[in-house]
Amino acid sequence: MPEGTRPVYWARPGTTLKVVMLAIHNADTAPVAVFDDNDRFMGAIGVRNVLQAVLKRSE
């Protein structure tokens, strides 16, 4: 990759929370784009979304 660029991470429905967290960590950026099985953009998962999911799981 050219210097000064960062990888782009994306996920599909069913991608585990752990994989999304690793993508955010490895890219040192957020959000992670989410695409459906037909390659249509559905939205994005950011740090706040991950924290909400983790906190829900701990309840």
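Residues numbered from 1 in each chain as written. Predicted model: local features only at pLDDT ≥ 70, side-chain atom pairs only at ≥ 80, totals over all residues. Heavy atoms only, no water.

What about the pattern of salt bridges?
1) Next: Enumeration over the complete set of coordinates arrives at 2 salt bridges.
2) Next: Between arginine 12 and aspartate 39 there is a salt bridge, with its nearest N and O atoms 2.6 Å apart. Note that arginine 12 is positioned in the loop between β1 (10-11) and α1 (17-27) and aspartate 39 in the loop between β2 (32-35) and β3 (41-45), a separation of 27 residues in sequence.
3) Next: By relative accessible area, arginine 12 is classed as partly exposed at 25%.
4) Next: Judged by relative accessible area, aspartate 39 falls into the exposed class, the value being 52%.
5) Next: Linking aspartate 36 and arginine 40 is a salt bridge whose minimum nitrogen-to-oxygen distance equals 2.8 Å. (Salt bridge = Lys/Arg side-chain N within 4 Å of Asp/Glu carboxyl O. Helix = DSSP H or I, 4+ residues; strand = E, 2+ residues; numbered from the N terminus. Buried < 20%, exposed > 50% of the residue type's maximum accessible area, 1.4 Å probe, protein only.)

Observations concerning the sheet that holds β1
1) Next: Spatially, 3 strands are ordered β1-β2-β3 in an open sheet, and the strand pairing comes out mixed. One side of each edge strand has no neighbouring strand; the edge strands of this open sheet are β1 and β3.
2) Next: Relative to β3, β2 is paired through 4 bridges, and the arrangement is antiparallel. Across the sheet, phenylalanine 35 pairs through a bridge with phenylalanine 41, a residue of β3.
3) Next: Here α1 sits on the sheet and contacts β1, β2 and β3; the angle it forms with β2, its principal contact strand, is near 140 degrees. (Pairing = 2+ DSSP bridges. Contact = heavy atoms within 4.5 Å. Axes fitted to C-alpha atoms, helices over the stretch in contact; angles between N-to-C directions.)

Things to note about the packing of aromatic side chains
1) Next: Taken as a whole and judged by the stated rule, the model has 1 aromatic pair.
2) Next: Pairing phenylalanine 35 with phenylalanine 41 gives two aromatic rings, centres 5.7 Å apart and planes at 70 degrees, and the pair type is edge-to-face.
3) Next: The class of phenylalanine 35 is partly exposed, set by a relative accessible area of 26%.
4) Next: Residue classification places phenylalanine 41 among the exposed residues on the basis of a relative accessible area of 55%. (Phe/Tyr/Trp six-rings, centres within 6.5 Å; stacked < 30°, edge-to-face > 60°.)

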